[in-house]
Amino acid sequence: MVEEAKKLAAFAAIDDHLKNNMIIGVGSGSTIVYAVERLAEKIKNDGLIVTCVPTSFQARQLITKHGLIMSDLERNPQLDVAFDGADEVDEKLNLIKGGGGCLTQEKIVASAAKKLIIVADFNKRAIKLGERWKKGLPIEVIPMSYMLVKRKIETMFGGEATLRMAQAKAGPLVTDNSNFILDWKFPAIPKEEWKRINLEINNIAGVVETGLFIEMATQVYFGNQDGTITVV
Ligand code: MLT
């Protein structure tokens, strides 16, 4: 059911936004796998030329697997559109991202794109951030700073920030940028406060980037349980 919803959303977003000669950002995570599947299908069937800029090692692998044109922000610093997933989307289309650990490159690539199109299943849709997503706000940090950043965030805003551990290796998860991730379980925060909090967290020495995407998403495609799609 959830996988079908992800696929529906991803296929519809690609069908609506992909055009010939585009330079696109390719996001990371579970839903983007379906978006790249559709992308490859359309490129092949419609004879399109599309250049892809990845947001992670996973995205690079997907682009390579499907034989698509790979580029980077050095050659293509301006993108037509970026496609990506999200862990949670609030009613203003603010996002929590980084469950997959690729938030920094995802944000860099999204910021280079004229449009950010998000694909997600119905579980990701919330009125306010933290309503559905219970794993906390991912924050990428320079390894030596993690304890300092953890303490500062907890002192400044409350809640608890936990070092994310690797799944199949002893010790912390290491990102594609060789950094660590703190998952901050935040207390109730009014939605108008997130912009300021994002700036304040980004100002802490050692923080590389947060998984808060404030006012960045252009449109979000939700796949629903009943097989329909909602575009917000
Ligand atoms: C993320 O933001 O970490 C992922 O893109 C969410 C997903 O799995 O789709």
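Identification of the chain as ribose-5-phosphate isomerase from Euroglyphus maynei is taken from an unreviewed UniProt entry. Database annotation for the chain, UniProt heading Pathway (unreviewed entry): "Carbohydrate degradation; pentose phosphate pathway; D-ribose 5-phosphate from D-ribulose 5-phosphate (non-oxidative stage): step 1/1." If you open the UniProt record of the chain and go to Sequence similarities (unreviewed entry), you find "Belongs to the ribose 5-phosphate isomerase family."

Caption draft 1: Fine view of helix α5 (residues 146–157). With twelve residues, α5 extends 16 Å from end C-alpha to end C-alpha; this agrees with the ideal 16 Å at 1.5 Å per step. Within the sequence span of α5, burial applies to Val149, Lys150, Ile153 and Phe157. One face of α5 carries all of its buried residues, which in axial projection span an arc of 105°. Away from the buried face of α5 by more than 90 degrees, exposed residues Arg151 and Thr155 are located. Where the residues of α5 are buried, they touch β8 (137–141), β9 (160–163), β10 (180–185), α6 (194–202) and β11 (207–210). Remark: Gly158 follows α5 within two positions and exhibits a positive phi of approximately 85°.

Rules and cut-offs
- Residues numbered from 1 in each chain as written.
- Predicted model: local features only at pLDDT ≥ 70, side-chain atom pairs only at ≥ 80, totals over all residues.
- Heavy atoms only, no water.
- UniProt positions renumbered as here; feature names shortened; annotations may be inferred.
- Helix = DSSP H or I, 4+ residues; strand = E, 2+ residues; numbered from the N terminus.
- Expected span 1.5 Å × (residues − 1).
- Buried < 20%, exposed > 50% of the residue type's maximum accessible area, 1.4 Å probe, protein only.
- Arc of directions from axis to C-beta.
- Contact = heavy atoms within 4.5 Å.

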